[in-house]
Amino acid sequence: MRKILIKIFAASALLISTGLSSQAQVSPTPTLQSNPWTNAQLMQPAQLASMIKEGRKVRIYNIGVVDDIPGAINMGAASEKENLARFGQIVKTLPKNELIVVYCGCCPFDRCPNIRPAFNLLKAQKFSKAMLLNLPTNLRTDWVSKGYPLKSSTKKI
């Protein structure tokens, strides 16, 4: 009887320790970031592509680490303080009612480290027509695969 109890105890201890160690290896659920933009402040790729094709005036800023679309000014990753500060210096000289479109597209919106700092900066500076290019998956999926153009060469300011 004692041998049976020892085996049951050992088996229980093994199951408990296995369960605890497997839980320790599970990565935590990613935390969703809050979005500083509204749905009305998301510009669809087709709309921006049409504006570019028509030659309409729009200020476009690449605030990430992806390829430039035509007309975009590459600011570098807005998650880096120096790049965000440079972006802030440039846009503070613009009229507050000018259409400004920012984009990154390095990764899905919920993980992007660049779009929130840049968009928050535009909100803080009270731009009434600040827009985020709607690239919820990434630039390749939501822009390039739809046949929209990229610049042939990237210039960073």
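Heads up: the structure comes first, above all this text.
Since we're looking at a predicted model, the values are computed, not measured. (Residues numbered from 1 in each chain as written. Predicted model: local features only at pLDDT ≥ 70, side-chain atom pairs only at ≥ 80, totals over all residues. Heavy atoms only, no water.)

## Looking at the packing of helix 3 (residues 81–91) against helix 4 (residues 115–124)
Packed helices, taken two at a time, are described by their axes: the angle between them and the distance between them. In the contact formed by helix 3 and helix 4, the axes pass within 10 Å of each other and the chain directions differ by 30 degrees. Classified by the interaxial angle, the pair formed by helix 3 and helix 4 is roughly parallel. At the point where helix 3 passes helix 4, the crossing takes the right-handed sense. Here helix 3 contributes Leu-84, Phe-87, Gly-88 and Val-91 to the contact with helix 4, which in turn contributes Pro-117, Ala-118, Leu-121 and Leu-122. (Axes fitted to C-alpha atoms, helices over the stretch in contact; angles between N-to-C directions. Helix = DSSP H or I, 4+ residues; strand = E, 2+ residues; numbered from the N terminus. Parallel < 35°, antiparallel > 145°, perpendicular 65-115°, else oblique. Left-handed = near helix turned anticlockwise from the far one by under 90°. Contact = heavy atoms within 4.5 Å.)

## Remarks on the side chain of Asn-74
If you trace the backbone, Asn-74 turns up in strand 3 (residues 72–74). Taking relative accessible area as the criterion, Asn-74 reaches 6% and is therefore assigned buried. Within polar-contact distance, the side chain of Asn-74 engages the side chain of Asp-68 at 3.2 Å. (Buried < 20%, exposed > 50% of the residue type's maximum accessible area, 1.4 Å probe, protein only. Polar contact = N/O pair within 3.5 Å; in protein donor to acceptor, adjacent residues only side chain to side chain.)

## A word on the pattern of salt bridges
The full count for this structure, using the stated rule, is 4 salt bridges. A salt bridge links Glu-98 to Lys-57; its shortest N-O distance comes to 3.7 Å. Here Glu-98 is found in the loop between helix 3 and strand 4 (100–103), whereas its partner Lys-57 is found in the loop between helix 2 (45–54) and strand 2 (59–62), with 41 residues between them in sequence. For Glu-98, a relative accessible area of 10% gives the class buried. Taking the relative accessible area as the measure of exposure, Lys-57 reaches 65% and is therefore exposed. If you follow the salt bridges from partner to partner, you end up with Lys-57, Arg-59 and Glu-98 in one network. (Salt bridge = Lys/Arg side-chain N within 4 Å of Asp/Glu carboxyl O.)

## Here we look at the pairing of strand 4
Across the two faces of strand 4 the burial is the same, with Ile-100 and Val-102 and Val-101 and Tyr-103 all buried. Pairing between strand 2 and strand 4: 4 bridges, direction parallel. Residue Asn-62 lies in a different strand from strand 4, and its bridge partner there is Tyr-103. Judged from the 3 bridges that link them, strand 4 and strand 5 (residues 130–133) form a sheet pairing that is parallel. Across the sheet, the residue bridging to Val-101 is Met-131, located in strand 5. For the segment spanning strand 4, helix 4 and strand 5, crossover handedness is right-handed. (Pairing = 2+ DSSP bridges. Right-handed = clockwise from strand over helix to strand, strands pointing away.)

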